[in-house]
Amino acid sequence: MLEKFGLGWNLGNQMDAFNNGVSGETAWGNPKATQTTFNKVKAAGFTTVRIPVTWMGHIGDAPEYKIEEAWLNRVAELVGYAENAGLNAVINMHHDGGDSKYWLNIKGAANNAEIQAQVLAQIEAMWTQIAEKFKDKGDFLVFEAFNEIHDGGWGWGTNREDGGKQYKCLNEWNQKFVDAVRATGGNNATRILGIPAYCTNVDIAIENFVMPEDAAENRLMLSVHSYDPYDYALSATKSEWGHTADMSKKVSGDNELQIRTMFEKIYVNFIEKGIPVYMGEFGCVNRATEREQAFQQYYLKYFTKAAKEYGVPCFIWDNGADGAGNECHAFIDHATGEYSSAGAEAAIRAMTTAYRSDYSLEDIYNQAPIF
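Now for a description of the structure that goes with this document. Values in this document were obtained by computation on a predicted structure and should not be read as measured data. (Residues numbered from 1 in each chain as written. Predicted model: local features only at pLDDT ≥ 70, side-chain atom pairs only at ≥ 80, totals over all residues. Heavy atoms only, no water.)

### Things to note about the overall build of the chain
- Along the chain, the regular secondary structure elements total 12 helices and 10 strands.
- Radius of gyration (C-alpha) of the chain: 20 Å, near the 21 Å computed for a compact globule of 371 residues.
- The C-alpha extent of the chain, read off along each of the three principal axes, is 60 × 45 × 40 Å.
- Here the chain, with 371 residues, has 57% of them falling under the buried criterion.
- A sequence separation of at least 24 residues applies to 75% of the contacts in the chain between residues at least 6 apart.
- Summed over all atoms, the accessible surface of the chain reaches about 14,400 Å², with 48% contributed by carbon and sulfur.
- Charge centroids of the chain, computed over 32 positive and 49 negative side chains, lie 2 Å from each other. (Helix = DSSP H or I, 4+ residues; strand = E, 2+ residues; numbered from the N terminus. Rg over C-alpha atoms; globule rule 2.2 N^0.38 Å. Buried < 20%, exposed > 50% of the residue type's maximum accessible area, 1.4 Å probe, protein only. Contact = heavy atoms within 4.5 Å. Areas by Shrake-Rupley, 256 points an atom, 1.4 Å probe, with all protein chains shown as cover. Lys, Arg positive; Asp, Glu negative; His and termini not counted. Charge placed at Lys NZ, Arg CZ, Asp CG, Glu CD.)

### Some details on the environment of Phe38
- Note that Phe38 resides in helix α2 (residues 35–43).
- Among the residues examined, Phe38 registers a relative accessible area of 0% and is labelled buried.
- Distance from Phe38 to Pro52, taken between C-alpha atoms, is 15 Å for residues 14 residues apart in sequence.

### A few points about empty space enclosed by the protein
- Evaluation of the coordinates by the stated rule reveals 2 cavities of 30 Å³ or more.
- Here the largest cavity is characterised by a volume of approximately 60 Å³.
- Lining the largest cavity are Tyr167, Leu170, Asn171, Asn174, Pro196, Ala197, Tyr198, Ile204, Ala205, Asn208 and Phe209.
- Looking at the lining of the largest cavity, the elements with two or more residues in it are α6 (165–183) and α7 (202–208). (1 Å grid on protein atoms, 1.4 Å probe; cavity = no way out; pocket = protein on both sides within 12 Å on 5 of 7 lines; lining within 4 Å. Points joined across faces, edges and corners; volume = space filled by probe spheres on them.)

### Quick look at α6
- Its 19 residues place the ends of α6 27 Å apart at the C-alpha level, agreeing with the 27 Å of an ideal helix rising 1.5 Å per residue.
- Within α6 the residues assigned to the buried category are Gln166, Tyr167, Cys169, Leu170, Asn171, Trp173, Asn174, Phe177, Val178, Ala180, Val181 and Arg182.
- Against α4 (106–111), α5 (113–134), β6 (141–144), β7 (193–196), α7 and β8 (220–226) lie the buried residues of α6.
- Following α6 by one or two positions, Gly185 has its phi on the positive side, about 70°. (Expected span 1.5 Å × (residues − 1).)

Following this line, the structure appears as structure tokens:
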């Protein structure tokens, strides 16, 4: 699986964006993606594009839950761009399950059998339609059941005290997804499917994840995410990372060991046991100064090389948000495929070069920034 999916890029805050319960490609400020976008993503060194999709606002009434044709066709057009560019593609159900506020309501389903039954019926109806749309597409296309399913607590909510009810619900959702896709036949009978852990959290996955049963052999992959450490990679309250960083500007402890430990857990608990894993999202927000950018590049090099050494394909998050600091993940312009900034280009080139180089993780460690 590592060889097939390799290093990936997310077309984030695009088809997954929404306002007032209606998803729209430009709803959060990104321009429409083009064939050129995908061609240049491929040229930048990526193998796979993840295309998150929110379906809210384009879904008919029960029991058919018919998906609006224009929306499904636009998803298909983007998948076609990936195919034309020679990229693998991943599509999913993204913010439909955000914070238990929408129809993929994990908290409600865990406490009400009627809600759980309704959600399962809608999952079956919608994934059947999506699968039928793409049943003739080759195995470059992957279906990912859902995104970061949680109750609003990001893994620290009532899931910690409900006796496993939410985990059980998600395991049933994942099984319904697999069954619905396989039932459509064609290439979907053996298509690779991504199965998310609760909140795509590695530690919760180790404790509670159950891989669905599948008629196809070895065609399911566990999906997890990582923006660790949060204070550095996502919120940017810390500006440096690693063993050469200023102690006052980094997250405490052995930063490199923290990353290796996470991947070691993934390897021992899943990959070594025959369960492939991919990291559908990881990232490190952009920085403003040359010094901070040097540590960002080091983090991305170290993270992706560790992912490769432990056999985990990983996809960087790109939400198109320009600037530096909290949530600023603009790397490649979503309309033109050009790099969003000189700093973004340096970050991507550092990452892709390290991923494909013969350097070991120790070599990259020894190349950490020194000021």
